[in-house]
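For reference, the chains in residue letters:
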Amino acid sequence: MHVRELVLEDFRNYHHLELAFCPGLTLLTGGNAQGKTNILEAIYWVATGRSHRTLEERDLVRSGEAGCRVRAVVDAGGRQYALELSFHQAQGRRFSIGAKPYRRVDGTDSGLYAVLFAPEDLELIKGPPVNRRRFLDEEVFQGSAGYRRALASYNRCLAHRNRLLKDAGGSRLSASLLDPWNRQLAETGAAVTRLRRQVIASLAPGAARVQERLTGGAERLQVAYRPSGSDDSGEFVRLLEAKAHEELARGATLAGPHRDELALELEGKPLRTHGSQGQQRCAVLALKAAVAEYLRSNLGSTPVLLLDDILSELDRRRQHELMIMLGTGSQTIITSVTQGWSHQAAADPLVYEVKAGTARKVQRACTG
Amino acid sequence: MIYPGPVARLIEELGRLPGVGPKTAQRLAFHILATDIHEVQRLAEALLAAKAQTVNCSVCHNITDVDPCRLCRNPERDRQLVCVVESPKDVAALERSHEYRGLYHVLHGAWSPIAGVGPEQLRIKELVDRLKAGGIVEVILATNPDLEGEATAMYLSRLLRTLGVKVTRIAHGLPVGGELDYAADDTIARALQGRREM
Ligand SMILES: [Zn+2]
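What counts and how
Residues numbered from 1 in each chain as written. Chains lettered and ligands numbered in written order. Predicted model: local features only at pLDDT ≥ 70, side-chain atom pairs only at ≥ 80, totals over all residues. Domains from an automatic or database assignment. Helix = DSSP H or I, 4+ residues; strand = E, 2+ residues; numbered from the N terminus. Expected span 1.5 Å × (residues − 1). Buried ≥ 20, exposed ≤ 12 C-beta atoms within 10 Å, placed from the backbone. Arc of directions from axis to C-beta. Contact = placed C-beta atoms within 7 Å. pLDDT = per-residue confidence, 0-100. Pairing = 2+ DSSP bridges. Axes fitted to C-alpha atoms, helices over the stretch in contact; angles between N-to-C directions. Parallel < 35°, antiparallel > 145°, perpendicular 65-115°, else oblique. Left-handed = near helix turned anticlockwise from the far one by under 90°. Nonpolar A, V, L, I, M, F, W, Y, C, P; charged D, E, K, R; others polar.

Details of the domain arrangement of chain B
In step 1: On domain assignment, one finds that chain B holds domain 1 (5–52) and domain 2 (56–197).
In step 2: Placing a centre on the C-alpha atoms of domain 1 of chain B and another on those of domain 2 of chain B gives a separation of 33 Å.

Okay, here's the thing in structure tokens:
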């Protein structure tokens, strides 16, 4: 799967922009604040319905305008169709695949998956556990409708149970009231826990391998799952029962996937507290590269890789290593202030120079 | 846009109906305005009659125009069997399948803490009273196979077992999250036949 054409209308600093892409590597160069990242953001938005820079869609709209639109023509093994996502301050969001409207922006419908590498990813390591759970739910599990159903069911059950605990106002809840929700929370929670355990087990070796190569074998990255609940619903119920007293006092459920942790460690020490900025950046790249690899082997479609200004943080050798590891199987779109990075891994990139809301092709005609 | 008072009021009233947004309310209102007066009269009378001439059955709490309802009065129904459902729509679905010959008990909802509905708001006390009056051997719990329906069934099974009746749950032949109301007749038949003691 790759993006062939992209049209932006009133998106960020672009009034109207049309770009053609190749299945391989595309480089967006240009000075700071010229709009390179906005192009990646647009592709990520039309693929996932999310932006890595804002939770407010009105931020995506060019100032002075009422709405914005992104149209991407994608190619899935020769079959071409258009995805169109728009946001309007009065009408809200609209999404269509081949002109057919869809309620949700989702790769399982559109076939377009994306992995974004961005400076903001550092929050994945530095931030609270909820960032890492969101990373699992939204990035790693993109394309898993089964996981999404399991998680939605768990979250609904959790909301019911929390409301029950809160409404009790600290006083005792009889077993007849609590048991039905304990059993169902345990069943739905164990299902989520099992799926997360599986996915992390297949992600961890890949992440360790990338980290090792980026650091010349010097650093061993450990990605471990620390579930708050259990894979086993019987055990899960016992965990809940053991916390019953505290749960009533706090009016909230204290065990389950909503409190899971994805532990990231270097040589047994938490990266968040013990890693240097450089080690943390490297680990994020390793994790994301592992996600790309995981999706490639688990989806019926290769994800588009979007690298937002992350190569500049690496020396030439690491740039080279990363590009080799990301491979040539995926469409890759990179932003960079300069062109002065290693071209060795991809000899013939398509290059655009981005300047004040325009993009000019400066190298190679697209033959793909 | 501003409409004359009576039209605005019609749109407002229609807009209170479940699943009817402002646009649909407007479309329905203009459809009614464009319709022949006799037809509109029939609709208005049907609305009033449905409300004025029906009550909840004092025995099973299903919606009825005679009390007790025709199902509860029917001497051919098996009076040892009571099937507990969430809504009158579920009774209709089970009746359509022609698979069930017992009586019903309509809870009028399911246990949903987030909707602020607790077991005490459902017709559970009335069910317990029916069982205490004697004659009922088995209670079939046919609440929906979703989180709320399951919680309701678990709650009831625990409560009703103490009354010395057999408590069974319909089999999960139904699609997950699917409602009885939408299930095909043969699915309902299989769900009933495959019921298991809770
Ligand atoms: Zn009745």
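Continuing now.
What about helix 4 (residues 129–140) of chain A?
Residue and element names in this part refer to chain A.
In step 1: The terminal C-alpha atoms of helix 4 lie 15 Å apart, and with twelve residues this matches the ideal 16 Å at 1.5 Å per residue to within 8%.
In step 2: Within the sequence span of helix 4, burial applies to Arg-132, Phe-135, Leu-136, Glu-139 and Val-140. Looking straight down helix 4, one finds that the buried residues subtend no more than 115° of arc, so they occupy a single side.
In step 3: Elements in contact with the buried residues of helix 4: strand 8 (114–117), helix 3 (123–126), helix 6 (175–214), strand 10 (261–266) and helix 10 (277–298).

Remarks on the confidence of the model for chain A
In step 1: Across chain A, the average pLDDT comes to 91, with 96% of residues at or above 70.
In step 2: At the level of individual helices and strands, chain A shows its lowest average pLDDT in strand 15 (residues 358–363) of chain A, which scores 82, and its highest in helix 7 (residues 233–242) of chain A, which scores 97.

Structural notes on the environment of Ala283(A)
All names here are of chain A.
In step 1: For Ala-283, the location among the structural elements is in helix 10.
In step 2: For Ala-283, a count of 28 C-beta atoms within 10 Å gives the class buried.
In step 3: Through-space distance from the C-alpha of Ala-283 to that of Glu-9 is 36 Å; in sequence the pair is 274 residues apart.

Considerations on the sheet that holds strand 12 (residues 304–308) of chain A
All names here are of chain A.
In step 1: A sheet is described by the order of its strands in space; here six strands give the open sequence 8-12-13-3-14-15, paired in mixed fashion. The open sheet is flanked by strand 8 and strand 15, the only strands paired with a single partner. Strand after strand, the sheet turns through a mean of 20° between neighbouring axes, direction not considered.
In step 2: Sheet topology note: the strand 8/strand 12 ladder contains four bridges and is parallel. Considered in strand 12, the bridge of Val-115 is made with Leu-305.
In step 3: Packed on one face of the sheet, helix 10 meets strand 8 and strand 12 and runs near 170° to strand 8.

Let's talk about the packing of helix 1 (residues 5–15) of chain B against helix 2 (residues 22–33) of chain B
Residue and element names in this part refer to chain B.
In step 1: With their axes 8 Å apart at the nearest point, helix 1 and helix 2 run at an angle of 125° to one another. Comparing their axes, helix 2 and helix 1 come out oblique. Judged by the sense of rotation from one axis to the other, the crossing of helix 1 with helix 2 is right-handed. Residue-level inspection shows Val-7, Leu-10, Ile-11, Leu-14 and Gly-15 of helix 1 in contact with helix 2, the latter providing Pro-22, Ala-25, Gln-26, Leu-28, Ala-29, Ile-32 and Leu-33.
In step 2: For the contact of helix 1 with helix 2, the per-class residue count stands at ten nonpolar, two polar and no charged.

A short note on helix 5 (residues 145–167) of chain A
In step 1: Compared with the 33 Å implied by 1.5 Å per residue over 23 residues, the 33 Å span of helix 5 of chain A between its first and last C-alpha is a close match.
In step 2: For helix 5 of chain A, the set of buried residues is Tyr147(A), Ala150(A), Leu151(A), Ser153(A), Tyr154(A), Cys157(A), Leu158(A), His160(A), Arg161(A), Asn162(A), Leu164(A) and Leu165(A).
In step 3: Each element contacted by the buried residues of helix 5 of chain A is listed here: helix 4, helix 6 and helix 8 (244–250) of chain A together with helix 7 (147–161) of chain B.
In step 4: Where helix 5 of chain A terminates, the next one or two residues include Gly169(A), which has phi positive at roughly 60°.

Comments concerning the interface of chain A and chain B
In step 1: Opposite the 14 residues of chain A that make contact, chain B presents ten residues.
In step 2: Secondary structure elements with two or more residues in the side of chain A that touches chain B: helix 5 and helix 6 of chain A.
In step 3: Taken together, the residues that form the side of chain A that touches chain B break down as five nonpolar, four polar and five charged.

Looking at the pairing of strand 15 of chain A
Residues in a regular strand project their side chains so that they alternate between the two faces of the sheet.
In step 1: Here strand 14 (residues 350–355) of chain A runs beside strand 15 of chain A; their pairing, made up of five bridges, is antiparallel. Residue Lys355(A) lies in a different strand from strand 15 of chain A, and its bridge partner there is Thr358(A).

Thoughts on the pairing of strand 14 of chain A
Residue and element names in this part refer to chain A.
In step 1: Burial along strand 14 is one-sided: the face carrying Leu-350, Tyr-352 and Val-354 is buried and the face carrying Val-351, Glu-353 and Lys-355 is not.
In step 2: Relative to strand 14, strand 3 (residues 25–29) runs parallel, the two being bridged by four bridges. Its bridge partner lying in strand 14, Leu-27 is registered against Val-351.
In step 3: Hairpin connection from strand 14 to strand 15: two residues lie between these consecutive antiparallel strands, with Ala-356 at a positive phi of about 45°.

Overview of the environment of Thr168(B)
Residues and elements named next belong to chain B.
In step 1: Within the secondary structure, Thr-168 sits in strand 6 (residues 166–169).
In step 2: Residues Thr-168 and Arg-196 lie 28 residues apart in sequence; the distance between their C-alpha atoms is 5.1 Å.
In step 3: Excluding residues that lie within four positions of it along the chain, Thr-168 makes contacts with Glu-138, Ile-140, Leu-141, Arg-195, Arg-196, Glu-197 and Met-198.

Observations regarding the confidence of the model for chain B
In step 1: Confidence in the prediction of chain B, expressed as mean pLDDT, is 91, and 93% of residues score 70 or more.
In step 2: The ipTM for the predicted assembly is 0.83, set against a pTM of 0.87.

Considering the sheet that holds strand 9 (residues 221–226) of chain A
Residue and element names in this part refer to chain A.
In step 1: A sheet is described by the order of its strands in space; here three strands give the open sequence 9-10-11, paired in antiparallel fashion. Because the sheet does not close on itself, it has two edges, and the strands there are strand 9 and strand 11 (269–270).
In step 2: As paired elements, strand 10 and strand 11 share two bridges and run antiparallel to each other. Following the sheet pairing, Leu-266 is matched in strand 11 by Lys-269.
In step 3: Contacts from helix 6 reach strand 9 and strand 10, with the element oriented near 170° to strand 9.

So, the packing of helix 6 of chain A against helix 10 of chain A
Residue and element names in this part refer to chain A.
In step 1: Between helix 6 and helix 10, whose axes approach to 8 Å, the crossing angle comes to 130°. Taken together, the axes of helix 6 and helix 10 are oblique relative to one another. For the pair helix 6 and helix 10, the sense of crossing is right-handed. Between helix 6 and helix 10, the residues in contact are Ser-202, Leu-203, Gly-206, Ala-207, Val-210, Gln-211 and Leu-214 and Cys-282, Ala-283, Leu-285, Ala-286, Leu-287, Ala-289, Ala-290, Val-291, Glu-293 and Tyr-294, respectively.
In step 2: Within the contact of helix 6 with helix 10, the residues separate by chemical class into 13 nonpolar, three polar and one charged.

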